[in-house]
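Observations on chain architecture
So you can see what is in the structure, the chains are spelled out below.
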Amino acid sequence: MAISFELNGKTASVDLDPQTPLLWVLRDTLNLTGTKYGCGIAACGACTVHIDGEPARSCSYPVSSVAGKKIATIEGLAPDRSHPVQQAWIQHQVPQCGYCQSGQIMTAVAFLNKNSRPTVADVDEAMSNNICRCGTAQRMRAAVLTAADMMRSDKVSAGRNEEQL
């Protein structure tokens, strides 16, 4: 029986064992390899995607659990790298090895969608459940704070544009 869901704004359908982890469906069946396998037990965050707007560890979700839901991966965030979090990551040269970065970015986006004015402590807490073996936490912190500023500026600009119409 096919399992259907929305993936990065488009309908997707797979006919697989319903217990197949979403991570493997994304990577092996749908060829979206930006989401990484890290630990397989939902502890590291490398496989973080958004399910209905919430960050989720895709290694621990059977594909059957996402039927009818909206899934967003790093590939769907902004293919041209124009999302403020992606821009801030580039500006602050966050990646070192880069392996955890898609999960870090997806976690940061979900966090900033809920908290547009984070403190340093807020950022540290929000990002603490994602493991980075390279130790780029200071650059990530700076990037998240920069992205928050960029996202607020974009909303202000959008509001001004609407008022001018």
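Residues numbered from 1 in each chain as written. Predicted model: local features only at pLDDT ≥ 70, side-chain atom pairs only at ≥ 80, totals over all residues. Heavy atoms only, no water.

Assigned secondary structure in the protein consists of 6 helices and 5 strands. In the protein, the succession of helices and strands from N to C terminus is β-β-α-β-β-β-α-α-α-α-α. Its C-alpha atoms give the protein a radius of gyration of 16 Å, within 12% of the compact-globule value 15 Å for 165 residues. In terms of overall dimensions, the protein has a C-alpha envelope of 50 × 45 × 25 Å along the principal axes. (Helix = DSSP H or I, 4+ residues; strand = E, 2+ residues; numbered from the N terminus. Rg over C-alpha atoms; globule rule 2.2 N^0.38 Å.)

Put simply, the largest pocket is a space of about 240 Å³. When contributions to the lining of the largest pocket are tallied by element, the ones reaching two or more residues are α2 (74-77), α3 (84-91) and α4 (101-114). Classifying every residue of the lining of the largest pocket by side-chain character gives 7 nonpolar, 4 polar and 2 charged. Around the second largest pocket sit Q104, V123, D124, M127, S128, N130, C132, A137, M140 and R141, which together line it. Those elements giving two or more residues to the lining of the second largest pocket turn out to be α5 (120-127) and α6 (137-164). (1 Å grid on protein atoms, 1.4 Å probe; cavity = no way out; pocket = protein on both sides within 12 Å on 5 of 7 lines; lining within 4 Å. Points joined across faces, edges and corners; volume = space filled by probe spheres on them. Nonpolar A, V, L, I, M, F, W, Y, C, P; charged D, E, K, R; others polar.)

One finds V85, W89, I105, L112 and V144 to be the most contacted residues of the largest nonpolar core, which totals 22 residues. Taken together, the elements giving at least two residues each to this core come down to α2, α3, α4, α5 and α6. Not counting chain neighbours up to four residues away, the residues in contact with I105 comprise I74, L77, V85, Q86 and W89. If you look at the next biggest cluster of nonpolar residues, it comprises 15 residues, including I3, L22, L32 and I51. (Core = buried A, V, L, I, M, F, W, Y, C linked by side-chain atoms within 4.5 Å. Buried < 20%, exposed > 50% of the residue type's maximum accessible area, 1.4 Å probe, protein only. Contact = heavy atoms within 4.5 Å.)

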